[in-house]
Amino acid sequence: MKKPLRATVAGSLPKPAWLAEPEALWAAWKLEGPALAEGKRDAVRLALRDQEQAGIDILSDGEQTRRHFVTTFIEGLDGVDFEHKRTVRIRNRYDAAVPVVVGPVARRHPIYVEDAAFLRSQTTRQVKFTLPGPMTMVDTLHDAHYGSREKLAWAFAEILNEEARAIAATGVDTIQFDEPAFNVYFDEVRDWGVAALERAAEGLACTTAVHICYGYGIKANIEWKKTLGSEWRQYEQTFPRLAASRIDQVSLECAHSHVPIDLIGLLEGKDVLVGAIDVANERVETAEEVAEVIRSALRFVPADRLFPCTNCGMVPLPRGVARGKLRALGAGAALVRGELTS
């Protein structure tokens, strides 16, 4: 029997200052050519080491090889113009200059497969690799070709499935699709979002996961959260649909949020990655604070289906803060695990 409460992370971790500007999204690389390739792999090794030392069980590469969790993947596709960007509203929260879809999108070569193979080669622990979800990809660019968010999402789902199958073949244990857009566009989630996600994950032999959160700890997201009131019930719209889907795991935000913990009961039958680390501030949690979130979640999810996690990625945080939060996550999971077995 696998041990209960295996800790993991939602995705990104801060990059070393010698690789990219700290605490920034879309930060430019500081290296070029072979030095950049070597620097990315060195950063992956450091991210793995930090997680192992913190007692994290299912490891991520921390997205050290990517500038952004969506646009770096899109850079590998045909049909997208990065030279003439357009400004769009991202997740109905903030404006950003994004690439433009100008023709049929297509995957011209493997994008992250070498990165996944390297990740797999660097540790004997279980590893997770993250990809953007179809709806979130649609919401992170300007479409000047398809004229339909749904049609573009289905095209992305086909491409993601090609890439995910190749990544799974490297031996990774879990592939996670990041879909923060699921917390915003509820009609689209109902009409085609979950179906497109399932198409992206179709036929994968490894564990599949979807991550839905309230965003990175950046100003636009923090300000948006202030408008959501005393209870954040967005998950109530999406969880029943995901519970009925073919996706194995759902990753969500709980720590220091206004999400009613009982909403995770809507995910019966699924593995739940419960966010027990707040990524929206630099305060490092105590092990007991993490443990309390886990104990609360255990009222609604069996221990063998509960995975303590971070709320979201931590790339905007200082590295020392992120390391401290990783240690708190590992220690909090160990604390409750000990309670279960004593």
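Residues numbered from 1 in each chain as written. Predicted model: local features only at pLDDT ≥ 70, side-chain atom pairs only at ≥ 80, totals over all residues. Heavy atoms only, no water.

## With respect to the pairing of strand E8 (residues 249-253)
E8 sits mainly inside the fold: five of its five residues count as buried. Residues Gln 249, Ser 251 and Glu 253 line one face of E8 and the alternating positions Val 250 and Leu 252 line the opposite face, and both faces are buried. Bridge count between strand E7 (residues 207-211) and E8: three bridges; the pairing is parallel. Within E8, the residue paired with Val 210 across the bridge is Val 250. The pairing of E8 with strand E9 (residues 271-277) spans five bridges and is classified as parallel. (Buried < 20%, exposed > 50% of the residue type's maximum accessible area, 1.4 Å probe, protein only. Helix = DSSP H or I, 4+ residues; strand = E, 2+ residues; numbered from the N terminus. Pairing = 2+ DSSP bridges.)

## With respect to the sheet that holds strand E2 (residues 77-90)
With respect to topology, three strands assemble into an open sheet ordered E2-E3-E5, the strand pairing being mixed. Of all the strands in the sheet, the pair left with one neighbour each is E2 and strand E5 (142-143). Against the sheet, helix H5 (residues 149-168) touches E2, strand E3 (94-107) and E5, its axis set at about 75 degrees to E3. (Contact = heavy atoms within 4.5 Å. Axes fitted to C-alpha atoms, helices over the stretch in contact; angles between N-to-C directions.)

## Examining the environment of Thr 71
Looking at the secondary structure, you find Thr 71 in helix H2 (residues 71-74). Considered as a pair, Thr 71 and Pro 308 are 237 residues apart in the sequence and their alpha carbons are 28 Å apart. Setting aside its immediate chain neighbours within four residues, Thr 71 contacts Trp 26, Phe 82, Pro 99 and Thr 140.

## Considering the pairing of strand E6 (residues 174-178)
With respect to burial, E6 is a largely interior element, five of its five residues being buried. Taking every second residue as pointing to the same face, both faces of E6 are buried, with Thr 174, Gln 176 and Asp 178 on one and Ile 175 and Phe 177 on the other. In this structure, strand E4 (residues 126-132) lies alongside E6, joined through five bridges in parallel fashion. Residue pairing across strands places Pro 132 opposite Asp 178, the latter belonging to E6. Pairing analysis gives five bridges linking E6 to E7, with the strands arranged parallel. When the bridges of E7 are listed, Ile 175 appears paired with Thr 208. Note on the crossover from E6 through helix H6 (residues 186-200) to E7: the handedness is right-handed. (Right-handed = clockwise from strand over helix to strand, strands pointing away.)

## A word on the packing of helix H9 (residues 287-297) against helix H10 (residues 319-341)
The description of two packed helices rests on the angle between their axes and on the distance between the axes. Interaxial distance between H9 and H10 falls to 7 Å at its minimum, and their mutual angle equals 55 degrees. By the criterion of interaxial angle, the relationship of H9 to H10 is oblique. Where H9 crosses over H10, the two elements pack in a sense that is right-handed. From H9, Ala 287, Glu 288, Val 290, Ala 291, Ile 294 and Arg 295 reach across to H10, where they touch Ala 328, Leu 329, Ala 331, Gly 332, Ala 333, Leu 335, Val 336 and Glu 339. Of the residues in the contact of H9 with H10, the class split is ten nonpolar, one polar and three charged. (Parallel < 35°, antiparallel > 145°, perpendicular 65-115°, else oblique. Left-handed = near helix turned anticlockwise from the far one by under 90°. Nonpolar A, V, L, I, M, F, W, Y, C, P; charged D, E, K, R; others polar.)

## Let's talk about the sheet that holds E4
Spatially, E1-E4-E6-E7-E8-E9-E10 is the arrangement adopted by the seven strands of the open sheet, whose pairing is parallel. The sheet is open, and its two edges are formed by strand E1 (58-59) and strand E10 (306-310), each paired on a single side.

## Points about unusual backbone geometry
Even without a glycine there, the phi angle at Glu 23 is positive, about 60 degrees. Looking at the secondary structure, you find Glu 23 in the segment before helix H1 (33-54). Here the phi dihedral of Trp 26 falls at roughly 60 degrees; this positive angle occurs in a residue that is not glycine. Structurally, Trp 26 is set in the segment before H1.

## Some thoughts on the packing of aromatic side chains
Under the defined criterion, the tally for this structure stands at three aromatic pairs. Ring plane angle 55 degrees and centroid distance 5.8 Å describe the contact between Tyr 112 and Phe 129, whose orientation is recorded as tilted. In this pair, Tyr 112 is assigned in the loop between E3 and helix H3 (113-121) and Phe 129 in strand E4, connecting sequence segments 17 residues apart. With respect to burial, Tyr 112 and Phe 129 carry one shared label: buried. On the basis of an interplanar angle of 10 degrees and a centroid distance of 4.5 Å, the ring pair of Tyr 235 and Phe 239 is categorised as stacked. Within this pair, Tyr 235 and its partner Phe 239 are both found in helix H8 (residues 235-243), separated by four residues, close to a single helical turn. On the basis of relative accessible area, Phe 239 is assigned to the buried category, the value being 0%. An aromatic cluster of at least three residues, connected via ring pairs, comprises Phe 73, Tyr 112 and Phe 129. Directly above the ring of Tyr 112 sits Arg 66, whose terminal nitrogen or CZ lies 4.4 Å from the centroid. When the ring centre of Tyr 185 is taken as reference, the NZ or CZ atom of Arg 149 above it lies at 4.6 Å. (Phe/Tyr/Trp six-rings, centres within 6.5 Å; stacked < 30°, edge-to-face > 60°. Lys NZ or Arg CZ within 6 Å of the ring centre and 35° of its normal.)

## Concerning H8
Two residues of an α-helix separated by three or four positions point the same way, owing to the 3.6 residues in each turn. Within H8, the full set of buried residues consists of Tyr 235, Thr 238, Phe 239 and Leu 242. Each buried residue of H8 sits inside an arc of 105 degrees when the element is viewed along its axis, so together they form one side. Next to the buried residues of H8 lie H6, E7 and E8. (Arc of directions from axis to C-beta.)

## Topic: the side chain of Arg 6
In this structure, Arg 6 sits in the segment before H1. For the buried residue Arg 6, which engages in no salt bridge, the nearest side chain bearing the opposite charge is Asp 271, 5.9 Å off. Within the structure, Arg 6 has its side chain in polar contact with the side chain of Gln 126 (distance 3.3 Å). Other than its neighbours up to four places away in sequence, Arg 6 contacts Asp 57, Ile 58, Gln 126, Leu 306, Phe 307, Pro 308 and Arg 337. (Lys, Arg positive; Asp, Glu negative; His and termini not counted. Salt bridge = Lys/Arg side-chain N within 4 Å of Asp/Glu carboxyl O. Polar contact = N/O pair within 3.5 Å; in protein donor to acceptor, adjacent residues only side chain to side chain.)

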